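Fold and geometry: a report
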Amino acid sequence: LEMTKEKLMDRALTNESGVEGDVITKPHLFKPLKGDLIKIKYAAERLADFDLVVHEEASMHVDKLCALARSEHRRSPITFIGIDYAQLMKGERQKGDSLETMYADISHKLQALQKELHCTICILSQTSIDQRGNVSTKYAKVFEDDADLWLHIIREKGQEDVEDVVVMKCRHHGHNGKKLGMTLNKGVQMFIDKPQDESWRK
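Keep in mind that this is a model prediction, so the values were computed, not measured. (Residues numbered from 1 in each chain as written. Predicted model: local features only at pLDDT ≥ 70, side-chain atom pairs only at ≥ 80, totals over all residues. Heavy atoms only, no water.)

**Topic: the pattern of salt bridges**
What counts here: Salt bridge, as used here, is a side-chain nitrogen of Lys or Arg placed within 4 Å of a carboxyl oxygen of Asp or Glu. Each residue's exposure class comes from its accessible area (1.4 Å probe, protein chains only) as a fraction of the maximum for that residue type: buried when under 20%, exposed when over 50%, partly exposed otherwise. Here a helix means four or more residues in a row that DSSP labels H or I, a strand means two or more in a row labelled E, and each is numbered from the N terminus.
Evaluation of the coordinates by the stated rule reveals 10 salt bridges. Residue Glu57 pairs with Lys64 through a salt bridge whose shortest N-O separation is 2.6 Å. A relative accessible area of 36% places Glu57 in the partly exposed class. Across the pair Asp148 and Arg171 runs a salt bridge whose closest N-O atoms are separated by 2.6 Å. Taken as a pair, Asp148 in the loop between α6 (141–146) and β5 (149–154) and Arg171 in the loop between β6 (164–170) and β7 (178–179) lie far apart in primary sequence, 23 residues in all. A single network of salt bridges, built from pairs that share partners, joins Asp51, Glu72 and Arg75.

Next comes the structure, spelled out in structure tokens:
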């Protein structure tokens, strides 16, 4: 996990309550209204019911992650694992091996873990663009090959908001290249459906 537990929970509270993030993290500057406090209270109560386990160790080895997941799964069945982000992880790498070899080890072990635990694994990853404009996962095309679903977030130059979320690969439904028409609401750090009325751009 790239961010701390505290920042992650701030994000979760913002998402769940719909209250602007600055109101939650900087209440001394952005005074919350009574309605905001009520929303935050109910959001905190809902979050308290989630069986959420966070490991914020940076550069975790994939073998340790798999061991932790199996241990937590024995305590309570895991339905979802989120990794933030792929290029911060470590895998098996002998002297002379390339980064691609290490990421292949990570990807294959996570794929095996997903099948073993029957859960969903979501991996955030950096991407790169080659001279032809093709998008690929930075240093690790193997993540694309092993994934059932690959979503690419496109940010246009000169625009702060995310314009499009594109389905680059969908193994089960074949909607490759489909734009989902989503944009980022920065206030609550959540992707929302883009309005059909394009006048919002003006």
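Having seen the model, we can carry on.
**Digging into helix α5 (residues 99–117)**
In plain terms, the rule: Every helix has an expected span of 1.5 Å times one less than the residues it contains. Only heavy atoms matter for contacts: two residues are in contact if any of them lie within 4.5 Å across the pair.
Along its 19 residues, α5 runs 27 Å from first to last C-alpha, staying within 8% of the 27 Å computed at 1.5 Å per residue. Of the residues making up α5, those classed as buried are Met102, Tyr103, Ala104, Asp105, Ile106, Ser107, Leu110, Leu113 and Leu117. On its buried face, α5 is in contact with α4 (62–75), β1 (80–83), β2 (120–123) and α6. Once α5 finishes, His118 follows within two positions and takes phi at roughly 55°, a positive value.

**Re the layout of surface pockets**
Remark: the empty space left among the atoms is shown by a probe the size of a water molecule rolled over them. How we decide: Here a cavity denotes a set of grid points, spaced 1 Å apart and computed over the protein atoms alone, in which a 1.4 Å probe fits but from which it cannot get out, and a pocket denotes an open set meeting protein on both sides within 12 Å along at least five of seven lines; residues with an atom within 4 Å of a point are reported as lining. Grid points are joined across faces, edges and corners, and a volume is the space filled by probe spheres set on the points. Each residue receives one of three labels: charged for Asp, Glu, Lys and Arg, nonpolar for Ala, Val, Leu, Ile, Met, Phe, Trp, Tyr, Cys and Pro, and polar for the others, Gly being one of them.
For the second largest pocket, the calculated volume is near 280 Å³. Secondary structure elements with two or more residues in the lining of the second largest pocket: α1 (5–17) and α2 (21–25). Looking at the lining of the second largest pocket element by element, the count peaks at four residues for α1. Taken together, the residues of the lining of the second largest pocket break down into one nonpolar, five polar and six charged.

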